[in-house]
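Understanding the architecture of this molecule
Below, each chain spelled out in residue letters.
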Amino acid sequence: MSLCKVGMRAAIPVILVATAVMCCGCLTYSFGDVAYDNGSLDIEIINDGEPADVSVQVTVFDLAGFRQVEAGRYINFVSLEPGDNTYSLPVELEPGNYKLYLYILEDGRRSSAVIRNIEVK
């Protein structure tokens, strides 16, 4: 067996361990369902880690008239418990279609992001 093949076989476990260590906690937060009801956006946030205080940023874009126009940007501190959490954001939206950009910020860095489309009736 060549020295190159032996070196690669030895490097694979090291690379796997290094990747696992760097990604620890990478997928701690995720977004679930988002719904609008009675002047409030209800956003499900799943915390697969320990209790944490994070910032949640929601940017709302109105999609009327074949355009995307920012209708509001909201940033709030949220305390997340392990498991499913519901964050309610009071916001008045007219009937129509909207695009939501949802971010979780932890220590000034984005740790989760998703884009969702909703229809308000």
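A short tour of the structure in this document, coming up. (Residues numbered from 1 in each chain as written. Predicted model: local features only at pLDDT ≥ 70, side-chain atom pairs only at ≥ 80, totals over all residues. Heavy atoms only, no water.)

Considering the packing of aromatic side chains
The way to describe two aromatic rings as a pair is by their centre distance and the angle between their planes. The line we're drawing: Note on ring pairs: Phe, Tyr and Trp rings are taken, using the six-membered ring of Trp, and paired if centres are within 6.5 Å. Classes follow the plane angle, with under 30 degrees stacked, over 60 edge-to-face and the rest tilted. Strands here are runs of E lasting at least two residues and helices are runs of H or I lasting at least four, both read from the DSSP assignment and numbered beginning at the N terminus. Three exposure classes are used, based on accessible area relative to the maximum for each residue type with a 1.4 Å probe and protein chains only: buried under 20%, partly exposed in between, and exposed over 50%.
All told, the structure shown has one aromatic pair when counted by the stated rule. Pairing Phe61 with Tyr101 gives two aromatic rings, centres 5.2 Å apart and planes at 75 degrees, and the pair type is edge-to-face. Taken as a pair, Phe61 in strand β3 (residues 52–62) and Tyr101 in strand β6 (residues 96–106) lie far apart in primary sequence, 40 residues in all. The same class applies to Phe61 as to Tyr101, namely buried.

Comments concerning the nonpolar core
Spelled out, the test is: We define the nonpolar core as a collection of buried residues of types Ala, Val, Leu, Ile, Met, Phe, Trp, Tyr and Cys that are connected through side-chain atoms lying within 4.5 Å of one another. In what follows, a contact means two residues having at least one pair of non-hydrogen atoms within 4.5 Å.
If you look at the biggest cluster of nonpolar residues, it comprises 24 residues, and the most contacted ones within it are Leu41, Ile43, Ile45, Val58, Tyr87, Leu93 and Ile118. Among the secondary structure elements, those contributing two or more residues to this core are β1 (29–37), β2 (40–47), β3, β4 (69–80), β5 (83–90), β6 and β7 (109–120). With five residues, β3 is the single largest residue contributor to this core. What Ile45 contacts, discounting residues up to four positions off in sequence, is Ser30, Phe31, Val56, Leu80, Gly83, Asp84, Asn85, Tyr87 and Ile104.

As for the environment of Ala52
Tracing the sequence through the fold places Ala52 in strand β3. The buried category is assigned to Ala52, whose relative accessible area is 16%. Placed 26 residues apart in sequence, Ala52 and Val78 show a C-alpha to C-alpha distance of 8.3 Å. Residue contacts for Ala52: discarding those within four places in its chain leaves Tyr29, Asn47, Val78, Ser79, Leu80 and Glu106.

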